[in-house]
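So the chains spell out like this:
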Amino acid sequence: MKETVLMFAVPDKSIRNDIRNLLMPMKLQIKYVEREQYNRTLASLAGLRPMKELPLPYDGPEFDEPLLIFAGMEDKRLGIVIDALNSYPGCKFPLKAVMTETSQNWAAAYAFIHIKAEHEALHPGN
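Since we're looking at a predicted model, the values are computed, not measured.

## Overview of the nonpolar core
- Residues L6, F8, Y38, L42, F63, L67 and I69 are the most contacted members of the largest nonpolar core, which totals 22 residues.
- For this core, the secondary-structure elements that each account for two or more residues are β1 (4–8), α2 (42–45), β3 (67–71) and α4 (108–122).
- Ranked by residues supplied to this core, first place goes to α4 with five residues.
- Setting aside anything within four residues of it in sequence, one finds L67 in contact with L6, M7, F8, L95, K96, F112 and I115.
- With 19 residues, the next largest nonpolar core counts Y32, V81, C91 and F93 among its residues.

Rendered as structure tokens:
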């Protein structure tokens, strides 16, 4: 699988472009996921499975904070990517996750709810 970064709910296009410019030299595939695609699985968004047409696009709420999901990266490489993101002030997002064997089958909307709840449990009061 090609190393991929899925971006969700990053409303500022200049920050999305900054992320692309920061990570492109690393030969990563960077995908901004539109709200209408939040009912698709992480695997299909990352290109592991074909994007099957769904009867209706997602019509739920936008995520209330940005989320980055990393797919297909070894630990060392992931550390380099996260260090690069943390070095740029506009890219310091608290919600980050690695796509796993289990989470690849989750819809993006479900993944967001799960990742946010886990983050809040690990960092109460933030």
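## Quick word on the pairing of β3
- Buried residues dominate β3, accounting for five of its five residues.
- Neither face of β3 is open: one carries L67, I69 and A71, the other L68 and F70, and all of them are buried.
- The pairing of β1 with β3 spans five bridges and is antiparallel. The partner of L6 across the bridge, within β3, is I69.
- At this point the chain moves from β3, through helix α3 (residues 75–87), to the parallel strand β4 (residues 96–98), and the crossover so formed is right-handed.

## Topic: unusual backbone geometry
- One non-glycine residue, A9, lies in positive phi territory at about 55°.
- Summarising the element assignment, A9 is placed in the loop between β1 and α1 (13–23).
- The exposure class of A9 is buried, given its relative accessible area of 6%.

Each value, and the rule that gives it
- Residues numbered from 1 in each chain as written.
- Predicted model: local features only at pLDDT ≥ 70, side-chain atom pairs only at ≥ 80, totals over all residues.
- Heavy atoms only, no water.
- Core = buried A, V, L, I, M, F, W, Y, C linked by side-chain atoms within 4.5 Å.
- Buried < 20%, exposed > 50% of the residue type's maximum accessible area, 1.4 Å probe, protein only.
- Helix = DSSP H or I, 4+ residues; strand = E, 2+ residues; numbered from the N terminus.
- Contact = heavy atoms within 4.5 Å.
- Pairing = 2+ DSSP bridges.
- Right-handed = clockwise from strand over helix to strand, strands pointing away.

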